[in-house]
Amino acid sequence: MKRPRQLALWPTARTAAEQVFNGRAALAAQLRSLRRRRRLTQQALAERAGMDRSYVSGIERGKHNVPLDTLCRLAWALSLDVRDLVAAPAERRRAPRRRTAD
């Protein structure tokens, strides 16, 4: 039987994939940041949200597609609005380094 021919991605598809909002990464960064600011362990957050610690760990590493009800439970456990949990974190801007004269 003949194998189907694979088509190369269009150049515009590659560009679009690079520019699309990465929701998993944004949620992972935001969740970890908020949990640490509140000085909660993954275990404590998981217990508050009614889930397993390893699942919270996977979310923080961006390994899971998270359903809406789980987002709501995590937001409730952190006393947040869901929108605050899924918002893209503000980009940190670095001040340009000054070169010192030798």
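Residues numbered from 1 in each chain as written. Predicted model: local features only at pLDDT ≥ 70, side-chain atom pairs only at ≥ 80, totals over all residues. Heavy atoms only, no water.

Comments concerning the overall build of the protein
Next up, step 1: Within the protein, the secondary structure is distributed over six helices and zero strands.
Next up, step 2: For the protein, the α and β elements follow one another from N to C terminus as α-α-α-α-α-α.
Next up, step 3: In the protein, which comprises 102 residues, the share counted as buried stands at 26%.
Next up, step 4: Taking the intrachain contacts of the protein between residues at least 6 apart in sequence as the baseline, contacts between residues at least 24 apart amount to 56%.
Next up, step 5: Carbon and sulfur atoms provide 50% of the accessible area of the protein, an area that totals close to 8,900 Å². (Helix = DSSP H or I, 4+ residues; strand = E, 2+ residues; numbered from the N terminus. Buried < 20%, exposed > 50% of the residue type's maximum accessible area, 1.4 Å probe, protein only. Contact = heavy atoms within 4.5 Å. Areas by Shrake-Rupley, 256 points an atom, 1.4 Å probe, with all protein chains shown as cover.)

Examining the packing of helix H3 (residues 42-49) against helix H5 (residues 68-77)
Next up, step 1: Taken N-terminus to C-terminus, the directions of H3 and H5 make an angle of 115°; their axes are 8 Å apart at the nearest point. Taken together, the axes of H3 and H5 lie roughly perpendicular to each other. Remark: the crossing between H3 and H5 carries right-handed chirality. Between H3, through Leu45, Arg48 and Ala49, and H5, the contact on the second element is made entirely by Arg73, Leu74, Trp76 and Ala77.
Next up, step 2: Of the residues belonging to the contact of H3 with H5, the class tally is five nonpolar, no polar and two charged. (Axes fitted to C-alpha atoms, helices over the stretch in contact; angles between N-to-C directions. Parallel < 35°, antiparallel > 145°, perpendicular 65-115°, else oblique. Left-handed = near helix turned anticlockwise from the far one by under 90°. Nonpolar A, V, L, I, M, F, W, Y, C, P; charged D, E, K, R; others polar.)

Focus: the side chain of Arg35
Next up, step 1: Looking at the secondary structure, you find Arg35 in helix H2 (residues 23-37).
Next up, step 2: Within the structure, the side chain of Arg35 is placed 2.8 Å from the backbone oxygen of Leu40, a separation counted as a polar contact.
Next up, step 3: In contact with Arg35, not counting residues within four places along its chain, are Leu40, Thr41, Gln42, Leu45, Glu60 and Leu78. (Polar contact = N/O pair within 3.5 Å; in protein donor to acceptor, adjacent residues only side chain to side chain.)

Looking at H5
Next up, step 1: Among the residues making up H5, those that are buried are Thr70, Leu71, Leu74, Ala75 and Ala77. One side of H5 holds all its buried residues, which, seen down the axis, span an arc of 160°. Residues Leu68 and Trp76 are exposed on H5 and point more than 90 degrees away from its buried face.
Next up, step 2: Tucked inside the fold, the buried residues of H5 contact H2, H3, helix H4 (53-60) and helix H6 (82-86).
Next up, step 3: In the stretch just after H5, Ser79 is the one whose phi turns positive, near 55°. (Arc of directions from axis to C-beta.)

What about the nonpolar core?
As a rule of thumb, nonpolar side chains are buried together in soluble globular proteins.
Next up, step 1: Counting 17 residues, the largest nonpolar core has Leu31, Leu45, Leu74, Leu78 and Leu85 as its most contacted members.
Next up, step 2: Among the elements of the structure, H2, H3, H4 and H5 are those that each provide at least two residues to this core.
Next up, step 3: Per element, the largest residue contribution to this core is four residues, and it comes from H5. (Core = buried A, V, L, I, M, F, W, Y, C linked by side-chain atoms within 4.5 Å.)

Re a positive patch on the surface
Next up, step 1: On the surface, a cluster of positive charge is made up of Arg24, Arg53, Arg61 and Lys63.
Next up, step 2: Considering the arrangement of structural elements, one finds Arg24 in helix H2.
Next up, step 3: Assessed through its relative accessible area of 36%, Arg24 is described here as partly exposed. (Patch = residues over 30% accessible without salt bridge, like charges linked within 9 Å, V, L, I, M, F, W, Y side chains within 5 Å. Salt bridge = Lys/Arg side-chain N within 4 Å of Asp/Glu carboxyl O. Lys, Arg positive; Asp, Glu negative; His and termini not counted. Charge placed at Lys NZ, Arg CZ, Asp CG, Glu CD.)

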